[in-house]
Every structure is written in C-alpha cells, then in structure tokens.
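# Observations on chain architecture
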Amino acid sequence: MSRIPGMKTRRNAELGLLAFAMVLVAIYGATVEANQFGEIRMTFWVPAALLSILFLGLHVVVRYTAPYADPVLIPAVALINGLGVGFLRRLDLARAIAAKQPEPGIFAGTGGRQLAWTLGALILAAILLLVVRDHKVVSRYAYTLGLVGIVLVMIPAVLPSSLSEVNGAKLWIRLGAFSIQPGEFAKLALVSFFAYYLVRKREVLSLASRRVLGIDFPRGRDLGPVVTVWLLSLLVLVFEKDLGTALLYFGLFVVTLYVATERASWLIIGLVLFFGGVYVAYLLGASVGGPFANFYDRAQVWLDPFATANYDRVGGSYQLVQGLLAMGTGGLFGSGPGAGSPGFVPEVRTDFIFAGLGEELGLFGLSALLIVYLLIVERGLRAALAVRDSFGKLVAGGLAFTLGLQVFVILGGITGLIPLTGQTTPFLSAGGSSLMANWLLIAMLLRISNAARGPAAAGASDRPAGGPKKAPTQLHGAMTEVIKP
C-alpha cells in the first residue's frame, strides 16, 4: 500500500513507544544486576540494546510494508518479550552465582537462547509482512490450512510418550535436543480456516428454530460444526492430556462462531458442551481410568493441591504449591527484580514464569503486565472492528481472542482457578515454538490493522481473494458486544 501525502501513519509514535519500552527493559536489567551483584555494571544495557536493534529492524519493515498498521502492537509486545529475556537471563545469573561459575555470556544460557529465538521470530514476522500484502489472500488456502492445523494438533497425540510428553501433557515433538510444540502453529492455521468457513456459512448458522428466554437457538441440523469441533477438543483433552489446549481450540471456534452469527445461543451451547464433556471425562477417569486417568489426577491436584497425597506423589501438586507460595511471598510490591528466589519453582522458565515474576514484581507488577496483554488484545479487536471485509474481521477477532484466552488459561492454572495446563505464556516463556507462532500472530494483526486504518479501507471489498462477492458485512454489532465494557 502506497502512502498518501498528509495522511498520518503513526510510525514515529510507534518508534517513540518502542524506545520507551526498551528503556524499561534496560532499567529492569540494571535492577537485576544491582540485586544479584550488589552493583550495576557498565554492561547492563547490552541485552536491551540488542533487543532494540532487533525490534527496530521489524519497525523498519512495518514502516515500508504496513505503514498504517496499529502503532501500539509492536511496542507492547516488545516490552513483554524484553522482560521475558531479562527474567530468563536473571535465572541464568542466579544459577551461575549459586554454582560459583563465571557469568554466562549474553548469548549463553536460557536467556541467550531466548534472544536468538527472538531474532528468528522477528525474521518470520517480517517475512509474513513482506509476502502477505493483503490478508484476504490467506482465504485462498483456508481448507489447506485447516487440514494442516488438524494434523499439527494430532501429531503429538499419536507419537509415543517418550517423543511427545512433558510434565504429563503430550504437546511436543522431541527429537534429541530439538523440540517443537506444533499446536502453537496450529492455532494460526485453524483461525484462518474457521474464519473462511464461517464467512461462507454464517447465514445458515444464524437461522433460529425456537426462542427460549429471549434467546434464539439454532436448528438441530446446524449443530454439526460445533459438535465436530467439540469432539475434536475432547480427543485433545483425553489423548494429549491437556485441558488448556482443548479449551483454547474449542473456545476459539465458539467465539468466532458467535462473532460471525451474533447469536449468544452459540456461547451457551458451547459452554454446556465443553464443561459437560469435561465433567464426564472426570467421572470416567475416576471409574474407568485408562486414557482418562491423567485428567482425573490433574483435577484432583487442582481440587486440593495442599493434600499430602497430592503433594508427595510424583507429578503431584508440588509445582503448583511452590508457585502459589512464590506469588504469596511477593505480596503487593514484590521483592524486586533479581531479589527473589524463583528457582524454587519447578519449570519457572516456562509454565510458571508468571509465578516467578509475581514473587519479584508483586501484585502491582503482575497487574501492569496483564494490562499490557489486555492492551494487545484490545488493539486486535479494534482492528477487527475497523476492517471492512468479514474474513479480516473474523481472523483479527479470533487471533486477539486466542491470545487473551491463552493468557487466561496459563494464569488460571498457576493460580488454581483451573487445572494446570501445558501452555506457555506468550512472549514471556522460554521456547522458540511459542515465540515464533505468537510473533506471526502479531504480524497478521499488523497486516489487518494496516488494511483497516489505511486509505484503501474506505473502498475495501467484502470479498475474500478468489471468492464470490458478498453483501456488506453485518458483523459490526457482534464485535461491538465483544469489546464493550
């Protein structure tokens, strides 16, 4: 999209916000060194400077490929990503001090690997922006993406546990030192497929058969898609042993269906189906065992994590309890970056990074972090509202909801609100799969927001690339209901 003279692109605002975010990351690194070593050394700024160069490169790409994109997305995500790298390096420093070893280099340890993964993730995001100049082009490959998404979801379930299971959840593909979580990429493919399918079928799925308590419910023969996705999510729950992943995929489809049809009845049906299926799986785990046993054990840990039987057994509630104690120790203001003891929490670099940060940043710090996540989700929903074509609305809304639901699933697990999951915290946790997939998600939101905010938006068509022309979108009302206070 070429620029129009006199029309503001907000790229300078993005650059200023990005500089502010990197200053905060540098201050965090300086505070960590002050608490770990008793002094701030002159090299504290190096990780923040390297991250600044990486994010500046993406900013330049956006300036020329999506000049009208939302200026808040990259700085907000860069802040979370930078804090994640800083916290992982803080863990590396603590281990080196405890073992009386030399300080790890900038590119060594978990923090160094995360810095390298950040580079890879930003390159992928830049490639997507360079290749996909119109988000509607993705609709041409919707069915292929749907098939790819289902395959990626199911691969860990059919692999032996030795190649796919970590901490009780079968979400990985592990070959020697290499590991990848295919479900992280599956959600991007499935969002595109769901959006394309629902744009085509929304008129049929919007039909009502009867009205109950003021709510229009769909016809019985139209329940096929939601029942199919429900069964697939239960298969994920049983065979991949992870409630969070099942909830993520099913919730994504139901919310996208609601946005497409504006029928609240789909939300009610989705909630009844999902929680009914989860309860039946719990009862079968208690009575039959077999593939349902793992979910039953996780539910028992969730119901009473401080029970001796749960705390002492292998794979029990030790991790959850340590996370709860860490957050309780942090109190309102935390012990300060680098001044806590997050190493006592198992898997603090991945699943429980929120608990480690909670100990050192406190309730106020975690609340600020969650507000940044909320801001990212809000900007994604704003792009969905503003873009004119239905496919773009559903993709942006689905991606934004996916990010928000993933944060809820993780935070709900470590706080005891829902059973623990194998999900990673977007942009914070160590790991390349999550980081790359979520930066691709942000790149797609940038592309859609560019279409929504740019000069071509006024004459945009509601026709996905390669498809028949549709009537003007009627999704604005549902999207407004989703984001209104």
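Going by the structure above, here's the rest.
These notes cover the structure that comes with them.

## Focus on the pattern of salt bridges
One pass over the structure, following the stated rule, counts 12 salt bridges. The salt bridge partner of glutamate 14 is arginine 11, with a shortest N-O separation of 2.8 Å. Here the residue glutamate 14 and the residue arginine 11 both occupy positions in helix α1 (residues 11-37), the gap between them amounting to 3 residues, near one helical turn. When the shortest N-O distance is used, the salt bridge between arginine 379 and aspartate 70 registers 2.8 Å.

## Section: unusual backbone geometry
Negative phi characterises most residues that are not glycine, and trans characterises most peptide bonds. Positive phi is not limited to glycine here, since arginine 10 has a value of about 65°. Take arginine 10: it is sitting in the segment before α1. Assessed through its relative accessible area of 43%, arginine 10 is described here as partly exposed. The phi dihedral of lysine 100 is positive, around 55°, even though this residue is not glycine. Classification of lysine 100 by relative accessible area gives exposed; the value is 77%.

## What to know about the packing of helix α14 (residues 353-386) against helix α15 (residues 390-414)
Axis separation between α14 and α15 bottoms out at 8 Å; the angle between their running directions is 165°. Taken together, the axes of α14 and α15 are roughly antiparallel relative to one another. In the crossing of α14 with α15, the sense of the turn from one axis to the other is left-handed. On α15, the residues touching Phe354, Ala355, Leu370, Tyr373, Ile376, Val377, Gly380, Leu381, Ala383, Ala384 and Leu385 of α14 are Lys393, Ala396, Gly397, Ala400, Leu403, Gly404, Val407, Ile410, Leu411 and Ile414. Residues of the contact of α14 with α15, tallied by class, amount to 17 nonpolar, 3 polar and 1 charged.

Here is what the cut-offs are and how they apply
Residues numbered from 1 in each chain as written. Predicted model: local features only at pLDDT ≥ 70, side-chain atom pairs only at ≥ 80, totals over all residues. Heavy atoms only, no water. Salt bridge = Lys/Arg side-chain N within 4 Å of Asp/Glu carboxyl O. Helix = DSSP H or I, 4+ residues; strand = E, 2+ residues; numbered from the N terminus. Buried < 20%, exposed > 50% of the residue type's maximum accessible area, 1.4 Å probe, protein only. Axes fitted to C-alpha atoms, helices over the stretch in contact; angles between N-to-C directions. Parallel < 35°, antiparallel > 145°, perpendicular 65-115°, else oblique. Left-handed = near helix turned anticlockwise from the far one by under 90°. Contact = heavy atoms within 4.5 Å. Nonpolar A, V, L, I, M, F, W, Y, C, P; charged D, E, K, R; others polar.

Keep in mind that these numbers describe shape and distance, not what the molecule does.
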